[in-house]
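# Commentary on secondary and tertiary structure
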Amino acid sequence: MDRNPPRRSLQRTNAPPNIPPTSSANPLMRFMVLGAQWVFFTGFSVAYLISPQICHRFVGYLEEEAVITYSKAIRDLDTGRLPRWESLRAPDMAVRYWEMPVDRRCMRSLLLYVRADEAKHCEVNHTLGNLDQNLDTNPFSVGVEQLRGGEVKAEP
Ligand SMILES: [Fe+2]
């Protein structure tokens, strides 16, 4: 028996009732989403040129909110407030991306993986937000060779 229903079926059965699946969004909605993305991309790019520190801080706070949101989702799942998610498998794309073990391919595990990612993004962005762009070295620019015990070379 196939435990994985077709993707289309998953989207329809698990989408929140007030949000239409992406494939059914009308052209005006698609245009508005693309427009909003363009405005944000342009504005954020200009802001980054002006102050990378502020942009990293902003993203760090967004990531904090994401961690809170995923924590609430995990709590809701654990307390039975998301009954349809309790037996739902993680999507194949997520299983491949996080290389989820066979016995951990449920929505709760997926939320834990995503929350861990967001927590790391939060840490990275707040760290970059703390740096003086003209004086400090990016602590995340350490290469694999250096992590394996190689010598850390000073930047010129
Ligand atoms: Fe993130």
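Small disclaimer: the values here were computed from a predicted structure and weren't measured.

Turning our attention to the environment of Asn-125. With respect to the secondary-structure elements, Asn-125 resides in helix H5 (residues 107-130). Take Asn-125: there are 20 C-beta atoms within 10 Å of it, and that puts it in the buried class. For Asn-125, the contacting residues outside a window of four places in its chain are His-56, Val-59, Gly-60 and Glu-63.

Interhelical geometry of helix H3 (residues 52-78) versus H5 gives an angle of 160° and a closest axis separation of 8 Å. When the interaxial angle is binned, H3 and H5 end up roughly antiparallel. Viewed along their axes, H3 and H5 form a crossing whose handedness is left-handed. Each residue belonging to the contact of H3 with H5 can be placed in one class, and the counts come to 14 nonpolar, eight polar and six charged.

This part covers unusual backbone geometry. Even without being a glycine, Glu-99 presents a positive backbone phi close to 50°. Mapped onto the fold, Glu-99 is located in the loop between helix H4 (92-98) and H5. On the basis of neighbour counts, which here come to 7 C-beta atoms within 10 Å, the residue Glu-99 falls in the exposed class.

Helix length check: helix H2 (residues 27-50) (24 residues) gives 35 Å between terminal C-alpha atoms against 34 Å at 1.5 Å per residue, within 8%. Among the 24 residues in H2, zero count as buried, and that is only a small part of the element.

Below, the discussion takes up the confidence of the model for the chain. Summary statistics for the chain give a mean pLDDT of 84 and a share of 77% for residues scoring 70 or more. The secondary-structure element of the chain with the lowest mean pLDDT is helix H1 (residues 7-14), recorded at 40, while H3 shows the highest, at 97. Contacts of residues 1-20 to residues separated by more than four positions or lying in other chains number nine contacts, the stretch itself having pLDDT below 50.

Compared with an ideal rise of 1.5 Å per residue, which puts 24 residues at 34 Å, H5 spans 34 Å between its outermost C-alpha atoms and is within 8% of the ideal. Taken together, the buried positions of H5 are Met-107, Leu-110, Leu-111, Val-114, Glu-118, Asn-125 and Leu-128. In this structure, the buried residues of H5 make contact with H3 and H4.

Another aspect to go through is the packing of H2 against H3. Interhelical geometry of H2 versus H3 gives an angle of 130° and a closest axis separation of 5 Å. Classified by the angle between their axes, H2 and H3 sit oblique to one another. Across from Phe-44, Ala-47 and Tyr-48 in H2, the residues of H3 making contact are Pro-52, Ile-54 and Cys-55. Considering only residue class, the contact of H2 with H3 consists of six nonpolar, no polar and no charged.

Structurally, Ala-66 can be placed in helix H3. Spatially, the C-alpha atoms of Ala-66 and Val-114 are 9.3 Å apart, while their sequence positions differ by 48 residues.

Time to look at the nonpolar core. In terms of nonpolar packing, the biggest core is built from six residues, these being Tyr-70, Ala-90, Met-107, Leu-110, Leu-111 and Val-114. Per element, the largest residue contribution to this core is four residues, and it comes from H5.

Attention now goes to the environment of Lys-120. With respect to the helices and strands, the residue Lys-120 is situated in helix H5. Taking the number of C-beta atoms within 10 Å as the measure of exposure, Lys-120 has 12 and is therefore exposed. A C-alpha to C-alpha distance of 9.9 Å links Lys-120 and Glu-64, two positions 56 residues apart in sequence.

Parameters at a glance
- Residues numbered from 1 in each chain as written.
- Predicted model: local features only at pLDDT ≥ 70, side-chain atom pairs only at ≥ 80, totals over all residues.
- Helix = DSSP H or I, 4+ residues; strand = E, 2+ residues; numbered from the N terminus.
- Buried ≥ 20, exposed ≤ 12 C-beta atoms within 10 Å, placed from the backbone.
- Contact = placed C-beta atoms within 7 Å.
- Axes fitted to C-alpha atoms, helices over the stretch in contact; angles between N-to-C directions.
- Parallel < 35°, antiparallel > 145°, perpendicular 65-115°, else oblique.
- Left-handed = near helix turned anticlockwise from the far one by under 90°.
- Nonpolar A, V, L, I, M, F, W, Y, C, P; charged D, E, K, R; others polar.
- Expected span 1.5 Å × (residues − 1).
- pLDDT = per-residue confidence, 0-100.
- Core = buried A, V, L, I, M, F, W, Y, C linked by C-beta atoms within 7 Å.

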